[in-house]
Amino acid sequence: MITLRPSHERGAVNIGWLDSRHSFSFGNYYDPQHMGFSSLRVINEDKVQPSQGFATHGHRDMEIVTYVLSGALEHKDSIGNGAVMRPGDVQRMSAGTGILHSEYNASATEPVHLLQIWLLPGQLGIEPSYEQVFFSDEQKQGRLKLVGSQDGREGSVTIHQDVSLYASLLQTGQQVTHSLGSDRSAWVQVARGAVEVNGQPLYAGDAAAIAQESTIELRAIADQTEFLLFDMVA
């Protein structure tokens, strides 16, 4: 079963320096039909204007993954981390017992475009931690590249939840296949381009919730197609 989440139906917030689209209820956007999926709680597609961003604020008991599509995002937190993220970087921040952080566009001239993802943790009250790993386009080209997992295998960032997160870059006609266990579900989020998911076309910003499907076939119908696939408990 595939349930589409069209881009144009997402929650929308535009406050000048921030243009954001929410796949699930977030902030002032509330939709009881879209409160999350499996352990996924937030997928926000954010476009932040130059030198603007999110001032220092706090989180608890959440696994936060950031995926930059273009531009540069500067991160600072209360446990001593500071870094600039660019396309290819995957950042994981475990809020655990509590963490403060800020995120700003690191450029004075160019916007930054990113996906921010929140997952419910498998265990509450863990020690806050941070990780950032770079994955090249070559690593993601024509395949599903594991970029996040519960055990940090294959060099992926460690997410404290039973989830495997894959990223892929495909050219028109290229196809990848993912096997889904009977007790698993999946979420596909298209970042750019267009892809058919078991024959269903999805375009940039669209997503698909997938359950009770043993095989997921993803075929690009546009060049430079980029998407994320989450394999999670059903």
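Structure: above.
Residues numbered from 1 in each chain as written. Predicted model: local features only at pLDDT ≥ 70, side-chain atom pairs only at ≥ 80, totals over all residues. Heavy atoms only, no water.

Colleague: Can you help me understand the sheet that holds strand 20 (residues 207-211) in this one?
Modeller: Strand order in this open sheet of seven strands is 1-20-17-22-15-13-14, and the pairing throughout is mixed. The open sheet terminates on both sides in strands that have one partner only, identified here as strand 1 (2-5) and strand 14 (157-158). With eight bridges joining them, strand 17 (residues 184-192) and strand 22 (residues 225-233) adopt antiparallel strand pairing. When the bridges of strand 22 are listed, R184 appears paired with V233. (Pairing = 2+ DSSP bridges. Helix = DSSP H or I, 4+ residues; strand = E, 2+ residues; numbered from the N terminus.)

Colleague: How should I be thinking about the pattern of salt bridges in this particular structure?
Modeller: Side chains carrying opposite charge are able to pair once their charged atoms draw close together. The full count for this structure, using the stated rule, is nine salt bridges. Two residues, R92 and E131, come together in a salt bridge whose shortest N-O distance is 3.0 Å. Of this pair, R92 sits in strand 9 (residues 89-94) while E131 sits in strand 12 (residues 129-134), and the two are 39 residues apart along the sequence. Where R184 meets D231, a salt bridge forms, and the shortest distance between an N and an O atom there is 2.8 Å. With R184 in strand 17 and D231 in strand 22, this residue pair connects regions lying 47 residues apart in the sequence. Taking the relative accessible area as the measure of exposure, R184 reaches 14% and is therefore buried. It is possible to trace a salt-bridge network through shared partners that takes in D162, R184 and D231. (Salt bridge = Lys/Arg side-chain N within 4 Å of Asp/Glu carboxyl O. Buried < 20%, exposed > 50% of the residue type's maximum accessible area, 1.4 Å probe, protein only.)

Colleague: Even after reading the chapter, I still don't get the packing of aromatic side chains, so can you show me in this structure?
Modeller: Aromatic ring pairs are reported here in terms of the distance separating the ring centres and the angle at which the planes meet. For the coordinates displayed, the defined rule picks out four aromatic pairs. Each ring, one from F24 and one from W187, has its centre 5.0 Å from the other, and the planes form 55°; the classification is tilted. Residue F24 is found in the loop between strand 3 (18-22) and strand 4 (40-48), and its partner W187 is found in strand 17; the two are separated by 163 residues along the sequence. Exposure class is identical for F24 and W187. Each is buried. With a centroid separation of 5.6 Å and an interplanar angle of 45°, the aromatic rings of F37 and W187 are classed as tilted. Of the two residues, F37 is situated in the loop between strand 3 and strand 4 and W187 in strand 17; the sequence distance between them amounts to 150 residues. (Phe/Tyr/Trp six-rings, centres within 6.5 Å; stacked < 30°, edge-to-face > 60°.)

Colleague: Just checking my understanding: could you explain the layout of surface pockets for this structure?
Modeller: If you add up the space inside the largest pocket, you get close to 300 Å³. Lining the largest pocket are 17 residues, with L18, H22, F26, N44 and F54 sitting closest to its centre. Contributions of two or more residues to the lining of the largest pocket are made by strand 3, strand 4, strand 5 (53-59) and strand 11 (112-119). (1 Å grid on protein atoms, 1.4 Å probe; cavity = no way out; pocket = protein on both sides within 12 Å on 5 of 7 lines; lining within 4 Å. Points joined across faces, edges and corners; volume = space filled by probe spheres on them.)

Colleague: I keep staring at the pairing of strand 19 (residues 200-203) and nothing clicks. Help me out?
Modeller: It is a general feature of regular strands that their side chains alternate between the two faces of the sheet. The pairing of strand 18 (residues 194-197) with strand 19 spans four bridges and is antiparallel. When the sheet's bridge partners are listed, V195 is paired in strand 19 with L202. Here strand 18 folds back onto strand 19 in antiparallel fashion, the turn holding two residues, of which N198 has a positive phi close to 50°.

So far we have only geometry, and geometry alone does not tell us how the molecule works.
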